[in-house]
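# Architecture at a glance
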Amino acid sequence: KKLITAFFDEISQDTGKYCFGIKDTMQGLEIGAVETLIIWENLEHNRFELKNNQTNEVTVVFLSPEEEQDPKHFVSADGVDLEIQDKTLLVEWFASNYKQYGATLEFITDRSQEGSQFCKGFGGFGGILRWKVDFQAMDHT
């Protein structure tokens, strides 16, 4: 509860030292900005490693169960079917890999009012950052 309150405080104070959603949170992790990674314990997203057998390029995508049903996520931009090399429940992948990003990992439930608000309003995935990050600017680079 304290953790979620701290997360909401960062947002209400508009510090810019927070992230939510898989895309921004992963960008934050990759640049080492995430101090505390917050994940809903029942998050159902999977992490896929997809290989293009024509180029040998491997890409990583994070998909919800609904998104997994859409074949467009498993085809490259030029129409090549991508081979699933690995599929891991995202919460399990983070439990094994969060340390390499220098973050602490906190699992939360949706049983408290704050936890439920985090899950519904922020997708159950976010973090408190060490410094302010402009994710919109990162999208343009």
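Above this text sits the structure in question.
One structure accompanies this document, and this report is about it. Quick caveat: nothing in here was measured; it's all calculated off a predicted structure.

Counting its regular elements, the protein contains 6 helices and 7 strands. Beginning at the N terminus, the succession of helices and strands in the protein can be written as α-β-α-β-β-β-α-β-α-β-α-β-α. For a compact globule of 141 residues, the expected C-alpha radius of gyration is about 14 Å, and the protein comes in at 16 Å, within 12% of that figure. Overall, the protein is about 50 × 35 × 25 Å in size when its C-alpha atoms are taken along their principal axes. Out of the 141 residues in the protein, the part that is buried amounts to 41%. Counted over contacts in the protein with a minimum sequence separation of 6, partners at least 24 positions apart contribute 71%. Carbon and sulfur atoms provide 46% of the accessible area of the protein, an area that totals close to 8,200 Å². For the protein, the distance from the average position of its 13 positive side-chain charges to the average position of its 24 negative side-chain charges is 6 Å.

By volume, the largest pocket amounts to about 170 Å³. In terms of lining residues, the largest pocket is bounded by 14 residues, among which Trp40, Leu43, His45, Gly123 and Gly124 are the most central. Those elements that provide at least two residues to the lining of the largest pocket are α3 (65–68) and α5 (113–122). Counted by class, the lining of the largest pocket contains 7 nonpolar, 5 polar and 2 charged residues.

Here we come to the nonpolar core. Where a protein is soluble and globular, its nonpolar side chains tend to be buried together. In terms of nonpolar packing, the biggest core is built from 21 residues, with Leu29, Leu37, Ile39 and Phe94 touching the most fellow members. Mapped onto this core, the elements with two or more residues apiece are α2 (22–30), β2 (34–40), α4 (90–97) and β7 (125–129). In terms of residue count, α4 provides more of this core than any other element does, 4 residues in total. Sequence-distant contacts of Ile39, that is, excluding residues within four places in its chain, are made with Val91, Phe94, Leu105, Glu106, Phe107, Ile108, Gly124 and Phe125. If you look at the next biggest cluster of nonpolar residues, it comprises 10 residues, including Ile4, Phe8, Tyr18 and Ile108.

A few words now on the sheet that holds strand β5 (residues 83–89). Adjacent strands of a sheet pair through backbone hydrogen bonds, lying either parallel or antiparallel. With respect to topology, 3 strands assemble into an open sheet ordered β4-β3-β5, the strand pairing being antiparallel. At either margin of the open sheet sits one strand with a lone partner, and together these are β4 (58–63) and β5. Averaged over all pairs of adjacent strands, the angle between strand axes in this sheet comes to 20 degrees, irrespective of strand direction. Together, β3 (46–51), β4 and β5 form the strand contacts of α4, whose direction differs from that of β5 by roughly 80 degrees.

Structurally, Ile39 can be placed in strand β2. Judged by its relative accessible area of 1%, Ile39 falls in the buried class. Linking Ile39 and Leu105, residues 66 residues apart in sequence, is a C-alpha distance of 7.7 Å.

How each quantity is defined
Residues numbered from 1 in each chain as written. Predicted model: local features only at pLDDT ≥ 70, side-chain atom pairs only at ≥ 80, totals over all residues. Heavy atoms only, no water. Helix = DSSP H or I, 4+ residues; strand = E, 2+ residues; numbered from the N terminus. Rg over C-alpha atoms; globule rule 2.2 N^0.38 Å. Buried < 20%, exposed > 50% of the residue type's maximum accessible area, 1.4 Å probe, protein only. Contact = heavy atoms within 4.5 Å. Areas by Shrake-Rupley, 256 points an atom, 1.4 Å probe, with all protein chains shown as cover. Lys, Arg positive; Asp, Glu negative; His and termini not counted. Charge placed at Lys NZ, Arg CZ, Asp CG, Glu CD. 1 Å grid on protein atoms, 1.4 Å probe; cavity = no way out; pocket = protein on both sides within 12 Å on 5 of 7 lines; lining within 4 Å. Points joined across faces, edges and corners; volume = space filled by probe spheres on them. Nonpolar A, V, L, I, M, F, W, Y, C, P; charged D, E, K, R; others polar. Core = buried A, V, L, I, M, F, W, Y, C linked by side-chain atoms within 4.5 Å. Pairing = 2+ DSSP bridges. Axes fitted to C-alpha atoms, helices over the stretch in contact; angles between N-to-C directions.

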